[in-house]
4 protein chains.
Amino acid sequence: MSLDRAVSLRDLEPLAEAVLDPAAFAYIASGAGDEHTLRDNEAAFARRSLRPRVLVDVTAVDPATSVLGTRVPMPVGVAPTAQHGLAHPGAEAETARGAGQVGALFCLSTLSSLALEEVAAAVDGPAWFQLYTHTDPAVTDDVIERAVSAGFGALVLTVDLPVVGQRDREVRGGYVWPTEPGRFGTFARYGDGAGAGLHRSQDTWAGLARIRERSAPLPLVVKGVLTGEDAALAVEHGAAAVWVSNHGGRQLDRTPASLDVLEEVVDAVDGRAEVYLDSGVRRGTDVLAALALGARCVFVGRPVLYGLALEGASGVARVLGMLQRELVTAMTLLGTPTVADVTRAHLA
Amino acid sequence: MSLDRAVSLRDLEPLAEAVLDPAAFAYIASGAGDEHTLRDNEAAFARRSLRPRVLVDVTAVDPATSVLGTRVPMPVGVAPTAQHGLAHPGAEAETARGAGQVGALFCLSTLSSLALEEVAAAVDGPAWFQLYTHTDPAVTDDVIERAVSAGFGALVLTVDLPVVGQRDREVRGGYVWPTEPGRFGTFARYGDGAGAGLHRSQDTWAGLARIRERSAPLPLVVKGVLTGEDAALAVEHGAAAVWVSNHGGRQLDRTPASLDVLEEVVDAVDGRAEVYLDSGVRRGTDVLAALALGARCVFVGRPVLYGLALEGASGVARVLGMLQRELVTAMTLLGTPTVADVTRAHLA
Amino acid sequence: MSLDRAVSLRDLEPLAEAVLDPAAFAYIASGAGDEHTLRDNEAAFARRSLRPRVLVDVTAVDPATSVLGTRVPMPVGVAPTAQHGLAHPGAEAETARGAGQVGALFCLSTLSSLALEEVAAAVDGPAWFQLYTHTDPAVTDDVIERAVSAGFGALVLTVDLPVVGQRDREVRGGYVWPTEPGRFGTFARYGDGAGAGLHRSQDTWAGLARIRERSAPLPLVVKGVLTGEDAALAVEHGAAAVWVSNHGGRQLDRTPASLDVLEEVVDAVDGRAEVYLDSGVRRGTDVLAALALGARCVFVGRPVLYGLALEGASGVARVLGMLQRELVTAMTLLGTPTVADVTRAHLA
Amino acid sequence: MSLDRAVSLRDLEPLAEAVLDPAAFAYIASGAGDEHTLRDNEAAFARRSLRPRVLVDVTAVDPATSVLGTRVPMPVGVAPTAQHGLAHPGAEAETARGAGQVGALFCLSTLSSLALEEVAAAVDGPAWFQLYTHTDPAVTDDVIERAVSAGFGALVLTVDLPVVGQRDREVRGGYVWPTEPGRFGTFARYGDGAGAGLHRSQDTWAGLARIRERSAPLPLVVKGVLTGEDAALAVEHGAAAVWVSNHGGRQLDRTPASLDVLEEVVDAVDGRAEVYLDSGVRRGTDVLAALALGARCVFVGRPVLYGLALEGASGVARVLGMLQRELVTAMTLLGTPTVADVTRAHLA
């Protein structure tokens, strides 16, 4: 089984399902509740229409951009997702190598199978660290310090998981959240089951100051914002970027699609920070729709895991390359040779 | 067969269908006419989007509230539904015990299989009595007096059943409305078939005064309101609460979904009475949508009957517990630690 | 095969298909083109919501009304449809007898299998005559004179069939328009194939004057109007009633559903004439939606033919009775004891 | 296999699929990406409603019109499509003969299987030449000169194909873009593979001047416009007509349906040029919707290729004739005896 039969990212899920353990597939693929938001994330892109401009010189189309000052080959990064060991024995190190092959921004999850230092060693390109706080603040502080030391370029605080969402399909699929020590590599050193301390319900705006202080000089990204109000608060609390996400439809079912709140967030941020988006990006045209609404970069989660499951690092690189080729074609046809050329006027 | 295979309330109907007599299932599950309203009741919730707020302290989430001054553990009660004997030999007493296990508000139907006194004896928590008037006013008066004596905490007058709706699926399923004496326990003492005297077309606003007088000191709830006009009339005629309902889609097909008229009713009531809602509530997020639009409490009907059919009292308790757990998770993810925190701004 | 298995008018089509000749069924059931309008006629009713008012005295609900001064037991009549001989050997006489059993208004088509005089002899209730003009004005004049003599109470001029619509399903089903003399009873006396002279493209507003003059003293109804402009013209040319219809979706595909233009027509007529509607009426609630938008009466076509095919006159009566019972139930539940009580405010 | 079983253009695709090479069928039938735009092109017509006017004299209905001063029997032409040799050995010459049989406007693609002169010899009616520029300007100039010499009546510059769209279905179907010399007849003389030089990303508004100059005295049509902005630019750069098209959904997926931007283009052109439309036209009523929104002519692509595949020239003529008959019926029923009678008021 390989990616050879995949013509687009749409093809990845069934191919990956065939090679993944059923419980692992249920964990990766599922959304919360009725999976309304999961479906709507993709449907939201289909509700947007692109307005192509013709007779623009598109002899040189370049999707490169920068995020937080770092040059990236395209406005598409790898979203932080947990437990890559479920998809491939090489886990996050393999994913990092794949992203590195195409130079794409890689964001490592706190809940990685490997310890963050092991992954950092495999990184060959821009990389950020996603943080879940721990019920023990000392652990949180230590994880932040290690991420800074390991050379990650930004700290991405996820704020939409005070508790884990109710994922019915996960339950039906027999997935059980791991409790054995060592299943989350970064937490292995803190003793038994510490990594399973997922309750983050104590996170507040006030607590953000402490995290910013500990993670300095790294820029702070706040991930999981779905309202203009919270986007403004994030900026006021010093976020360098606001990341619009509903966690791939895995947390609160019935939230709007990420794309549908992007404009509200962009308006609230009002140029004071960068804005990113994940949840539902599957096509080059999806990337353009998000850029047109004001996102600086988008992130993909499940497709990367599917590429990883099917072919390891090269699968990750192929998935990202597929999306990049689609993006270049779409930019050519939209009449926008650079990402800076994509404007609100390119959306109907 | 049990509830073990039910991950959410969505799973209950097929499980219950397998254990219920087909005609009884048709009676319980069916809606009127084309079942447009039946389907729309659930679809209306899916049309609403929740706006989760992040970095709110949700270390202590509590869904408790009060209805008409009575403390309840959650803003979800058991809607009055007829003939629980079709689902379980223990009938409404079993349901009342199940509700009592989780402390949920239980509303008994006039058309119960057991006599209201038999059910009252099993009640272990807040309980209300739902009234259908009888063509013989003396019977109505007596029933009211018995309900007051039995200790029910409020009288809920159902106003959307001047005649029984046309339920095609019921006819196809072979369900026949019972006419033998004793099938409706509360009416057994009034002689043959009296309980089958379902014509209530004589109920009017003017008649409400008499009912209020007879049922004093119990607060009066008017159930089955779908317009702002009638909500205002109910308040003006002394209702302590207005209950938005289309009878689970069983009366007039093509009415709006209950949720879709909730805001109109809340506006018309304008704080002068409490507002409740039933019809289509299946998820914790549904409860939040109704609260956000101004409901103080919602009620569930069919899911409770399915739990009753599958496991008796413990099935009822499990169904209510499932919904309560969903509600707590949803409140945590919405950033609303108490029901009072849920506002109109939490809906898109 | 009979109507015994029909719980509502929705059940009639498959039952009738089983007893009808396939080509005849294709002729009766088909719509024009993609059948977009055919489907939309019914879908339009499902897009409307009824607002039931409660605690109205509905001890006596009466659907009776009058059309053009004639009392009818309900605001539902039999629409003119061609060639009842395809459905039953008794043809239109049988249909007229069925309508008579419930006292419903019966409208006879020019293209009847039997001669209009034969049908008139079977009529036992209010009856109107629908006119298609003939390319030979002398034939038109004679037909009008015969209809007046036979005692029909109004002349209904159909204006939406200058040519027969393109009905793909009819072609696929092998239906061939009859050309033998005598297949259209009313035209038999005019010689070979005269009845097949269906081109009416010469009809104009100017020509209406001649028809009115010839048909006096009968009131003139203009049937097949879908715009406010034409409704106003019909009134200005002396129409006593305007009949909103897209010919059951059989003429121009992609017209709006009849219900969707009713309000526009009612506004244009502005009380100067009665307004009727056909196309898509299948439920008692459909009738109420049309009344709420200003129709005085609605007409049903295919369901009557299906009743005729299944059981002859008694089938026609049962279909009409089924709709009448639904209507009474719906009026009771809507809180409108008479048709005059149904207002625009009963629609959301 | 023939067209005998085709009742409407809707029937052509499956019939043609049965006779075409699978890869060729994939090439012809496919759209870009998720084929969202492909589907939406047809769906857009179904979202429009026609408002038929009655009692208009329609004894003589004539769909004839003129385009750029040339009289055509109907406002429906043959869109330029590549490689007719995939569908029939007679290729574009056969198509031209078929169009000639009904006098329809035929537009030849640059990427024809036969050399343009071979096709010109078969033309028997109005014909235009569609131009793709070549990376070698000398080749472009020569092709233009040959088209002028061969007697084509207008030059249609396609501007929506700077690169070929990403057509997933084409890839799945095994279609491979030809690279052997001679597969594109017009390019055969320029040496190996020249015809495969499809990169036209260098086309700009500035370059249009050169093309206009070289193609004078032929009028220039700009094809592939989807925005009012570009329509205005086309007019300002001397276009005699603006052709609204999304290339049959084959280029950028997620553009609006052609019909949905027609009004915007018509408004921007503001009478300064003619406006045409292709993409999704399958019904006579579709033609009327486009005319009502301001198109002077529409073009059909795939249906013509399917007719060609099924029956050669006569198949092409039958497909066009089928559409013309539908159009005449639709004009009759709309109450618009000439195309000039069709106005914006005929759309709801």
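The notes below deal with the structure included here. (Residues numbered from 1 in each chain as written. Chains lettered and ligands numbered in written order. Predicted model: local features only at pLDDT ≥ 70, side-chain atom pairs only at ≥ 80, totals over all residues. Heavy atoms only, no water.)

**Some remarks on the relation of the copies chain A and chain D**
Then, in step 1: When chain A is fitted to chain D, the residual RMSD is 0.0 Å, and the transformation amounts to a turn of 90° plus an axial shift of 0.0 Å. The transformation relating the two chain copies, once decomposed into turn and shift, fits a four-fold axis. The C-alpha atom lying nearest the rotation axis in chain A is that of R47 of chain A; the distance is 11 Å. (Least-squares fit on C-alpha atoms with pLDDT ≥ 70 in both.)

**Topic: the arrangement of the chains**
Then, in step 1: The least C-alpha distance between chain A and chain C, which are not in contact, is 22 Å.
Then, in step 2: Taking C-alpha atoms only, the smallest gap left between chain B and chain D, which are not in contact, amounts to 22 Å. (Contact = heavy atoms within 4.5 Å.)

**Concerning the packing of helix α11 (residues 284–292) of chain B against helix α12 (residues 302–334) of chain B**
Residue and element names in this part refer to chain B.
Then, in step 1: The contact between α11 and α12 brings their axes to 7 Å, and the two run at 60°. Judged by the inter-axis angle, α11 sits oblique to α12. With respect to the hand of their crossing, α11 and α12 are arranged in right-handed fashion. Where α11 abuts α12, its residues G284, T285, V287 and L288 lie against L323, E326, L327, A330, M331 and L334. (Axes fitted to C-alpha atoms, helices over the stretch in contact; angles between N-to-C directions. Helix = DSSP H or I, 4+ residues; strand = E, 2+ residues; numbered from the N terminus. Parallel < 35°, antiparallel > 145°, perpendicular 65-115°, else oblique. Left-handed = near helix turned anticlockwise from the far one by under 90°.)

**A short note on the interface of chain B and chain A**
One widely used convention gives an interface's size as the accessible area the parts lose upon coming together.
Then, in step 1: The partner chain A presents 33 residues to the 27 residues of chain B that form the contact.
Then, in step 2: Across the chain B/chain A interface, buried area totals approximately 2,600 Å², and carbon plus sulfur atoms make up 57% of it.
Then, in step 3: Together, V54, L55 and L333 of chain B form the three largest contributors to the area buried by chain B at its contact with chain A, with a combined 29%.
Then, in step 4: The interface formed by chain B and chain A holds 8 salt bridges in total. (Buried area = accessible area lost by both parts, 1.4 Å probe. Salt bridge = Lys/Arg side-chain N within 4 Å of Asp/Glu carboxyl O.)

**A look at the side chain of T186 of chain C**
Residue and element names in this part refer to chain C.
Then, in step 1: Positionally, T186 belongs in the loop between α7 (168–172) and α8 (205–215).
Then, in step 2: The class for T186 is buried, based on a relative accessible area of 0%.
Then, in step 3: In this structure, T186 is in contact with T110, S112, L114, A115, L116, V143 and R146, ignoring residues within four places of it in sequence. (Buried < 20%, exposed > 50% of the residue type's maximum accessible area, 1.4 Å probe, protein only.)

**Considerations on the pairing of strand β8 (residues 241–244) of chain B**
Residue and element names in this part refer to chain B.
Then, in step 1: Because side chains alternate across β8, one face comprises the buried residues A241 and W243, and the other comprises V242 and V244, equally buried.
Then, in step 2: Sheet topology note: the strand β7 (residues 220–225)/β8 ladder contains 4 bridges and is parallel. Bridge pairing in β8 places V221 opposite A241.
Then, in step 3: Between β7 and its parallel partner β8, the chain crosses via helix α9 (residues 228–236), and the hand of that crossover is right-handed.
Then, in step 4: Inspection of the sheet shows β8 paired to strand β9 (residues 274–278) by 4 bridges, in the parallel sense. Note on β9: the bridge partner recorded for V242 is V275.
Then, in step 5: A crossover links β8 with its parallel partner β9, the connecting element being helix α10 (residues 258–269), and its sense is right-handed. (Pairing = 2+ DSSP bridges. Right-handed = clockwise from strand over helix to strand, strands pointing away.)

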